[in-house]
Structures are given as structure tokens and as C-alpha cells.
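Fold and geometry: a report
Here is what each chain is made of, one letter per residue.
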Amino acid sequence: MTYREALRRALDEELERDDNVFLMGEEIGRFEGSYKVTAGLWKKWGGKRVRETPISEEGFVGAGIGAAMLGLRPVVEIMTVNFILVAMDMVVNHAAKISQMFGGKINVPMVIRTPGGAGAQLTAQHSQSLEVMFAHTPGLKVVAPSSPADAYGLLKTAIRDDDPVLFMENLILYNQTGPIPDDDGDEGLVPIGRANVVRPGDDLTMVAHSYTVRRCLTVADRLSQLGVQAEVIDLRSLRPLDVDTVVDSVRRTGRCLVAEEGWSTFGVGAEVAARVHRACFDDLDAPVERVGGAEVPMPYAKPLEMAAMPLEDKIEAAARGLLRDCGVL
Amino acid sequence: MAEELVMPRLSDTMERGTVARWLKREGDEVHAGDVVAEIETDKATMEYQSDLDGVLLKILVGAGEVAELGAPIAIVGAAGEDVAGPPPPATASSALPAALKASPVARRIAEEKGLDLRQLAGRGTGPDGRIVRADVDRLLGRPVLPVPPPQAPPPVMAPADAEVVEPSRMQQVIARRMTEAKATVPHFYLTAEIDMGRAMEFRGELNEALAAEGVKVSVNDLIVRACGLALREHPQFHRSYIDGKLHYHPSANIGVAVALEDGLIVPVVRGVEAKTLRQVAAETRDLAQRARDGQLKQPELEGATFSVSNLGMLGVTHFAAIINPPEPGILAVGATVERAVPRDGEVVIRPIMAVTLSVDHRASSGADGARFLQSVARYLEAPILLVA
């Protein structure tokens with residue numbers, strides 16, 4: 001099953017399970033969504049449960065917040081994460097803060113689904129990975145699954161969660177295939193805030209989320225040919241961040257590299273590195289290494305875009321540099 | 001109050017020293033100036049004079065043991081004084097000098113295993129010599145990552161029936177220095193053939209004239225003197241590349257390789273450009289003799305700005321020598337042999353000597369080396385210039 005189909009199945013099952021769940025977004029109905037995640041759902045569930053919106057992110061995110069405050073469970077699709085910027089006030093100033101500002105009497109059980117990522121020559125304004133902006137904000141939960149099973153399980157968990165959840169997808173991931181549980185009950189649910197060791201190893205800890213996990217797995221395979229077994233950890237959730245799983249690993253390996261598609265500065269790597277340095281100071285053989293996208297607005301030209309992205313070769317070079325600093329390789 | 005005798009710096013390149021033997025025992029009285037021990041450096045064995053008065057209370061570094069520069073090797077104090085107090089730094093396992101860089105996990109493992117990380121000083125394989133886990137693991141005999149890459153050559157295996165002997169201090173130094181030189185100095189080699197006919201006549205005449213004084217000038221002395229003059233002429237060659245800087249040498253100090261029974265030592269003839277052949281000959285002879293007797297002093301082995309190695313007397317016609325860093329080069333001298341050479345359209349028999357100059361390419365280019373070599377040839381082919 002593809003990542004896209006896994007998302008669709010999760011939405012379908014949750015629409016079925018809970019009448020309060022509804023979908024909202026630009027052209028997600030008749031047109032079935034820009035990336036076809038909601039294909040077939042409008043036909044099946046009708047315009048009340050799968051609502052088309054005008055091109056007005058601030059308006060329909062705000063509407064979602066209102067609906068959630070009154071007890072519904074909206075799943076709002078933002079066509080790509082780049083368009084959420086016009087709705088930042090709604091997300092950061094309202095969705096994130098309402099529960100606490102109302103003393104916990106009102107919750108905002110809303111999911112915002114949105115894809116990010118680069119690599120399709122969509123240039124500077126449409127190629128971003130902005131999840132850290134939300135992971136930075138107390139009151140929000142942020143998840144970014146890398147496999148169909150996690151996409152399925154986390155989306156269902158997010159819809160059932162009483163806090164606003166930013167559900168970060170990735171354009172390249174939509175066609176990735178992988179198994180998901182056959183059972184449509186709760187077996188496939190994936191808890192928010194729990195990382196997953198997707199490849200075990202004792203020599204180097206590689207930490208990533210979303211599509212970068214796949215890149216790290218490729219790099220780990222390459223390193224294994226040199227006799228280095230890298231452990232790859234898929235964070236899955238950025239907020240809350242499961243630092244324990246990373247720390248357990250780094251205690252064993254003594255070496256840690258964090259890769260992300262977004263910019264490194266103030267990024268996931270910065271956060272993980274700070275926490276690992278504190279928790280694992282006496283276990284480290286070298287400082288935590290970070291790999292991220294080039295600190296530029298994404299260029300349009302294909303060779304420049306490839307050069308700006310933290311692709312496998314760049315991650316591998318960083319891993320080798322880290323290992324060299326440890327006197328091995 | 002007890003005080004410490006520390007491992008002294010006895011040569012420029014010394015990083016650690018071995019206590020060859022103690023001449024005083026615990027309980028012996030010592031006075032400032034007394035020779036208390038002999039210390040082996042990377043180049044020679046030297047006497048170590050106490051700078052303290054008192055009683056040698058405790059020897060911290062026994063004969064045959066190694067200590068880093070500045071590390072305490074013995075305690076001197078008043079008779080009966082208690083030296084058990086706080087342990088001296090030499091025996092403390094965890095107190096590391098701040099300058100010793102080690103990764104946190106390397107420090108932790110060392111502490112857990114009671115390992116003194118100072119034994120790894122200068123041998124860390126991390127950035128800027130940082131001691132990392134792999135270094136500690138290696139010391140503990142634990143497996144170290146990674147298994148060698150597939151393209152790595154198979155490990156050197158000694159034949160099972162070979163007799164295994166610990167190399168002497170000198171052999172260890174030669175092994176280390178030559179490996180360093182070949183690994184870090186980009187060598188290139190220039191070979192030239194020099195017609196030694198006139199040089200041999202000149203030497204014959206010279207030795208006849210000096211016979212009464214008992215002085216004998218060798219071919220090698222002529223070569224050393226020629227090199228001294230040529231070095232002065234070619235400052236662009238007579239310079240060393242050290243830590244990214246070029247050091248121009250004001251004076252030609254030439255190391256002359258002396259083969260020993262099982263090793264090699266290179267005493268230095270200083271200021272060759274300003275010395276007469278007679279002086280060069282006498283000094284070289286004296287240095288070589290004392291080298292064979294093991295009587296050289298450390299300063300006599302230091303400060304060379306060029307070296308000459310001659311295997312001609314052993315029948316070698318041509319070889320290439322390894323540079324002794326930071327010297328800019330070394331001249332390898334082969335045997336002078338009679339060869340048929342074309343001269344003015346005729347084949348004549350001439351005594352020909354092949355020399356090969358090894359050059360540090362960081363310090364000079366091929367043309368610099370070639371011009372130097374040309375000068376050396378010119379002096380030897382017109383040897384009157386050696387005394388002009």
C-alpha cells in the first residue's frame with residue numbers, strides 16, 4: 001500500500017468511526033485533492049463530511065479551530081506547508097494557545113495535514129520543510145511519519161488526540177509503498193511522541209524524520225559495507241520529542257548524526273544535539289553532527305536544487321567525517 | 001618538603017624519555033649536580049643531574065620505563081620524610097592535564113578501567129590528536145571499528161619461525177622517524193652523474209701535501225664541502241618547510257650518515273661553507289669515530305640543514321635516501337666507477353659517480369633542486385673551487 005493510500009484509509013476509517021470527524025480543504029472533494037489523498041472520499045461521505053473551502057487558509061484553519069472548540073474533529077488539509085504561512089496567526093496564536101488560555105476547559109482536537117519537502121523543482125516558495133516552526137511552539141503536537149504504516153497509525157491517533165496536531169507529510173513519500181496492518185481496528189495505532197528504531201546498529205546513531213529517514217537507511221546500507229553498523233532512528237514525532245530512544249542508542253554508539261531536509265540552523269538537529277549532549281555527554285566520542293538543507297531559498301535549477309538538498313551523498317560524507325573524527329574508517 | 005625530579009627536555013624533538021638506569025637508589029643522598037640517572041631520548045643517552053639536594057625518597061619511574069616530558073620521575077626530600085601523602089601526578093590515573101584532549105567517552109572508559117590516558121598522549125587519532133574511544137579500545141585490546149575496508153592490504157604476517165626481538169631505542173626512533181618522513185614529506189628524486197677524475201687527482205695531491213700533518217681528506221669530505229658551498233649559493237633550496245612556513249637557513253650544517261653495527265646515526269658538521277677541507281675532514285673523522293663508540297652528545301646530532309649518505313664504499317652505484325625532516329633534502333652518494341663515456345666524439349674511460357638528491361617538494365621545486373645539484377657537480381668537477 002502506498003503512503004497516500006494509507007492516509008486515505010486512515011481518513012476513511014476515522015470518518016466511519018466517529019461522526020464528529022470531517023475533512024476540510026482546498027479542492028479535496030470533486031477534484032479529490034491536489035495530491036489525491038482524499039480520492040473517493042467526497043463521493044462516499046458527501047459534502048458535509050468532506051468540505052471544499054475557498055482559497056483562504058486563514059479562514060478555513062480558523063473555521064476548523066471553531067469547529068474543534070465546539071466538539072467536532074476537523075482534519076484540515078493545507079495543500080502544501082508553504083501555504084500555512086498565511087494562517088500562522090490561527091495556528092500559533094489560537095490553535096496552540098486556546099486550551100491553556102481557557103484553563104483546559106476547551107480543547108482544539110484538530111489535525112492539520114500538509115505535505116512539505118523539495119526535489120520537484122517547485123522552487124523557493126514551494127519546496128520548504130517548515131515543521132520546526134510548529135515544533136517550536138508549545139501547545140501544538142507535530143508528527144512526521146516516514147512509512148505507510150506510521151502514516152496510517154499516526155493519522156488515526158492524531159485525529160483522536162484532543163490537542164491540535166500538525167501532521168507533516170512529504171511530497172516524495174506519497175508513492176512510497178509498505179505494509180500496513182490488515183486490521184482496521186486499533187491495532188495499527190501509533191502513539192504520538194514515540195520514536196522508532198528502524199535499523200539496529202551499535203556503531204553510529206542516525207536520527208531523522210519524514211523522508212530523510214529513507215535517505216539515512218540508504219546511507220546505513222552503504223556504511224555497513226565498510227563494517228560500520230549504523231542505527232537509524234525515525235523520530236516520527238517532533239513534539240513531543242522522544243529523546244529517550246535517541247539517548248539509549250547514543251549511550252551504546254557514542255556517535256550521533258542528525259539529518260533533516262529543512263535548514264539546520266535552529267532545526268531538529270540543533271534540538272536533538274542539545275539534548276544528546278546533555279544526556280550523553282560522557283558517552284560521546286565526538287560532537288553530534290548535523291546535516292540539513294543548504295541555507296538558501298531553494299533554487300529552481302535542477303542541479304542547484306540537488307546540491308542544496310541533504311541527499312544521501314551529503315549524509316554519508318557527514319557520517320564518514322564523524323567516524324574519522326573518532327579515529328575509525 | 002619533598003620535591004620532584006621531572007623528565008627533562010634533552011632534545012628538540014624529544015616527546016618522552018626512557019630512564020635507562022638509576023645511578024642512585026632510594027635512600028641515597030643526592031646533591032644538586034649529582035648524576036642520578038641516565039635518560040634515553042629519541043637520539044641519545046644522556047646523563048641526568050639532580051637540581052635538588054636531599055635524599056632520594058622514591059623512584060617513580062623505574063629503569064626501562066617511559067615518562068612524558070615534565071612528568072615526575074622521582075621524589076627528593078629530607079630523610080624519613082613521608083612521601084605517601086597525596087599521590088604524585090605520575091601515578092594518578094584520572095587527573096589529566098587540561099591540554100590532553102580526549103573525547104568524553106574515552107575519558108569515561110579510561111576511568112572505569114583505571115587506565116592512564118597520558119600513555120596515549122600524542123597518539124590520539126581524533127581531530128588535533130584528540131584521544132578517542134578507538135585509541136582506548138586498542139590499548140585495552142578490545143575490537144575497534146571498523147573491520148578493515150575490503151581493499152585494505154592483508155596484515156603483515158611474520159613467518160612463524162622468525163626470532164622476535166624488541167628493537168633498540170635507536171631502531172625504534174629510526175622506524176618512527178623514517179615512517180613519518182615517508183608519510184608526510186613529499187619526496188622527489190634527481191639523479192646526476194659526476195665526473196670525479198679531477199676530484200680524485202685533487203684529493204691525491206692534497207693528501208700528499210697534508211701527509212706530514214696526519215690529515216687525510218676523503219672523497220666524502222670533498223662532497224660535504226661541495227654541498228656546503230652549493231647550499232650557500234642556493235637559498236631557494238637551502239630552506240625547510242615547517243608548519244606551513246619556509247625557514248631559510250643561514251649556515252650549512254650537514255649531517256653525515258654513519259652506519260653502526262645495527263643502526264645508523266647522523267652527526268652534524270656545522271658551518272661547512274666557512275670551514276676548510278682540512279677542518280671538515282678532521283671533524284667528520286672525529287664525529288664518526290665517536291659515533292661508533294657511542295660517545296656523541298645530543299647537540300652534535302641536532303640542527304642539520306642537509307644530509308649526505310654515502311654507500312659507495314659498499315659497492316652501491318646508485319640509491320635514493322629518505323629525507324630526515326625538517327631538512328630540505330639528502331644526497332645519496334654511490335660508488336665512483338670507471339665508465340665508458342663519450343667525450344668530444346671519442347669514447348673515454350672516466351671515473352663516474354652517480355648521486356641522487358632527495359628533495360622535500362614542499363620546500364623547493366625540481367628546478368631549485370637541479371640547480372643545487374649542478375653546483376655540487378661543478379665544485380667536484382673543478383675541485384680547486386673547493387678551496388678558492
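Anything mentioned here points back to the structure above.
Positions within a chain are numbered from 1, following the residues in the order the chain's sequence is written. Each chain gets a letter, beginning with A, and each ligand a number, beginning with 1, in the order they are written. Given that this is a predicted model, residues contribute local features only at a pLDDT of at least 70 and side-chain atom pairs are listed and counted only at 80 or more, while totals for whole chains, interfaces and linings are drawn from all residues. Excluded from the side-chain calculation are hydrogens and water; included are all heavy atoms of the structure.

1. Details of the sheet that holds strand β7 (residues 196–199) of chain A
Residue and element names in this part refer to chain A. By definition, two strands form a pair when at least two bridges between them are found by DSSP. The way it works is that DSSP assigns letters per residue, a run of H or I at least four long becomes a helix, a run of E at least two long becomes a strand, and they are numbered from the N terminus. Here we have 5 strands laid out as an open sheet, ordered β7-β9-β8-β11-β12, and mixed in their pairing. The open sheet is flanked by β7 and β12 (289–293), the only strands paired with a single partner. Strand-to-strand, the axes of this sheet are offset by a mean angle of 25°, without reference to chain direction. Relative to strand β11 (residues 256–263), strand β8 (residues 204–208) is paired through 3 bridges, and the arrangement is parallel. Its bridge partner being in β11, Met-206 is matched across the sheet by Leu-257. Here helix α12 (residues 312–325) sits on the sheet and contacts β8, β11 and β12; the angle it forms with β11, its principal contact strand, is near 150°. Axes here refer to lines fitted to C-alpha atoms; in helices the fit is confined to the stretch in contact. Angles between the N-to-C directions go from 0 to 180 degrees. Contact between two residues is taken to exist if any of their heavy atoms lie within 4.5 Å; hydrogens are not considered.

2. Some thoughts on the packing of aromatic side chains
In this analysis, rings of Phe, Tyr and Trp, with Trp reduced to its six-membered ring, are considered paired at centre separations within 6.5 Å, and the interplanar angle assigns stacked below 30 degrees, edge-to-face beyond 60, and tilted for intermediate values. Applying the stated criterion across every chain yields a total of 5 aromatic pairs over all chains. When the centroid spacing of 4.4 Å and the interplanar angle of 15° are considered together, the rings of B:Phe237 and B:Phe372 count as stacked. Placement of B:Phe237 in the loop between α5 (219–233) and β10 (239–242) and of B:Phe372 in helix α7 (residues 366–381) is noted, with a sequence separation of 135 residues between them. Comparing B:Phe237 with B:Phe372, the two get one shared label, buried. Taken together, the ring pairs in this structure connect A:Tyr3, A:Tyr35 and A:Tyr174 into an aromatic cluster. Two conditions define a charge located above a ring, namely a distance within 6 Å from the ring centre to NZ of Lys or CZ of Arg, and an angle within 35 degrees of the ring normal. Here the guanidinium or amino end of A:Lys36 rests over the ring plane of A:Phe31, the centre of that ring lying 3.7 Å away. Note that B:Arg378 overlies the ring of B:Tyr379, its terminal NZ or CZ placed 5.7 Å from the centroid. Only protein chains enter the calculation, and the probe is 1.4 Å; a residue is then buried if its accessible area is under 20% of its type maximum, exposed if over 50%, and partly exposed in between.

3. Concerning empty space enclosed by the protein
All names here are of chain A. The distinction between a cavity and a pocket rests on a 1 Å grid over the protein atoms alone: a 1.4 Å probe fits inside a cavity but cannot get out, while a pocket stays open yet meets protein on both sides within 12 Å along at least five of seven lines, and a residue with an atom within 4 Å of a point counts as lining. Grid points are joined across faces, edges and corners, and a volume is the space filled by probe spheres set on the points. What the rule picks out here adds up to 2 cavities of 30 Å³ or more. The element best represented in the lining of the largest cavity is β11, accounting for 3 residues. Following the grouping adopted for this structure description, the nonpolar residues are Ala, Val, Leu, Ile, Met, Phe, Trp, Tyr, Cys and Pro, the charged ones are Asp, Glu, Lys and Arg, and the polar ones are all others, Gly among them. Of the residues assigned to the lining of the largest cavity, the class counts are 9 nonpolar, 5 polar and 1 charged. Where each domain starts and ends follows an automatic or database-derived domain assignment. There are two domains that each give the lining of the largest cavity at least three residues, and those are domain 1 (3–175) and domain 2 (196–325). Considered as a void within the structure, the second largest cavity measures approximately 60 Å³ in volume. What lines the second largest cavity is simply Gly-116, Gly-117, Ser-129, Glu-131, Met-168, Glu-169, Asn-170, His-209, Ser-210, Tyr-211, Thr-212 and Glu-261. For the lining of the second largest cavity, the element with the highest residue contribution is strand β6 (residues 165–170), accounting for 3 residues. Residue composition of the lining of the second largest cavity, grouped by class: 2 nonpolar, 7 polar and 3 charged. Of the domains in this structure, domain 1 (3–175) and domain 2 (196–325) are the two that each give at least three residues to the lining of the second largest cavity.

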